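These are the residues of each chain, in order.
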Amino acid sequence: MIFKNFLNIFFCTLFFFLYSAVMAADEANYEVINKNDVYEIRKYSDRLAVETISDGQNNSFRKLFNYISGNNKTSEEIKMTTPVTRIEREGNMTMQFYLPSKYNSSNIPNPTRKDVRVITIAGGYFAVLRYTGRASDKNFIKHKDILEKELKDNNTNIISSPIRATYDSPFTLPMNRRNEVMFKVEIN
């Protein structure tokens, strides 16, 4: 049992070091439409992502990381992009990795796992509040509430669940981390 725990800690540590080394600078493209002191409105085009739904054991990141590391039908390694997003759908937490822009529906490798799938995320307008610190639930909820209140005060119609976007590895110092909370919104 002690040896098994040691192996778990060893592989988790190794995994996070690898994760830290591969965090990419390639980011989903967007255009800033409007900006105020609290948030900005971005316009995103449709984009491909790979996603999985959490099964309660919090291994969503590992499943997606394995996919981009070559655990796909063509054994192709795929460069990691940012952000990593999480959104709640129908009571389940979904995690997504955006895919590099060189891929489209005809050249993206298919996943080997049934619980990992390639999707197209519909573009549109998103209200985004950027914040630093830990990517904890408490920090996310605090900033989600701020953004939601500002959008309601500005009569902006929210049309999605809150989206949690993280850009940095867990080893980035909290004051240097880039986190965002996003809502898809209707723009008149």
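Residues numbered from 1 in each chain as written. Predicted model: local features only at pLDDT ≥ 70, side-chain atom pairs only at ≥ 80, totals over all residues. Heavy atoms only, no water.

Colleague: Can you explain the side chain of Asn72? Please cite residues and give values.
Modeller: The residue Asn72 is located in the loop between α2 (60–68) and β4 (84–89) in this model. A polar contact of 2.9 Å, which involves the side chain of Asn72, links it to the backbone nitrogen of Ser75. A polar contact of 2.7 Å, which involves the side chain of Asn72, links it to the backbone oxygen of Glu76. (Helix = DSSP H or I, 4+ residues; strand = E, 2+ residues; numbered from the N terminus. Polar contact = N/O pair within 3.5 Å; in protein donor to acceptor, adjacent residues only side chain to side chain.)

Colleague: I'd like a rundown of unusual backbone geometry, residues and numbers included.
Modeller: A cis amide bond links Thr82 to the next residue, Pro83, at an omega of 0°. Inspection of the secondary structure assignment puts Pro83 in the loop between α2 and β4. With a phi angle near 50°, Glu90 is a residue other than glycine that sits in the positive phi range. Relative to the elements of secondary structure, Glu90 occurs in the loop between β4 and β5 (92–98). A relative accessible area of 83% places Glu90 in the exposed class. With a phi angle near 55°, Asn155 is a residue other than glycine that sits in the positive phi range. Examined against the element boundaries, Asn155 turns out to sit in the loop between α3 (137–153) and β8 (163–166). (Buried < 20%, exposed > 50% of the residue type's maximum accessible area, 1.4 Å probe, protein only.)

Colleague: Account for the pattern of salt bridges, with residues named and values stated.
Modeller: With the rule as written, the count across this model stands at 15 salt bridges. Between Glu51 and Arg117 there is a salt bridge, with the nearest N and O atoms lying 2.6 Å from each other. You can see Glu51 sitting in strand β3 (residues 47–53) and its partner Arg117 sitting in strand β6 (residues 116–121), a full 66 residues away along the chain. Judged by its relative accessible area of 47%, Arg117 falls in the partly exposed class. The salt bridge involving Arg113 is made with Asp115; its shortest N-O contact spans 2.7 Å. Residue Arg113 is classed as partly exposed on the basis of its relative accessible area of 38%. Under the relative-accessibility criterion, Asp115 is labelled partly exposed at 30%. Each of Glu27, Lys35, Glu40, Arg42, Arg130, Arg178 and Glu180 takes part in salt bridges that share partners, so that together they form one network. (Salt bridge = Lys/Arg side-chain N within 4 Å of Asp/Glu carboxyl O.)

Colleague: Before we move on, can you summarise the packing of aromatic side chains with the specific residues and values?
Modeller: Applying the stated criterion across every chain yields a total of 4 aromatic pairs. On the basis of an interplanar angle of 90° and a centroid distance of 5.5 Å, the ring pair of Tyr44 and Phe126 is categorised as edge-to-face. With a gap of 82 residues between them, Tyr44 in strand β2 (residues 40–44) and Phe126 in strand β7 (residues 124–131) connect regions that are remote in the sequence. A relative accessible area of 5% means that Tyr44 is categorised as buried. (Phe/Tyr/Trp six-rings, centres within 6.5 Å; stacked < 30°, edge-to-face > 60°.)

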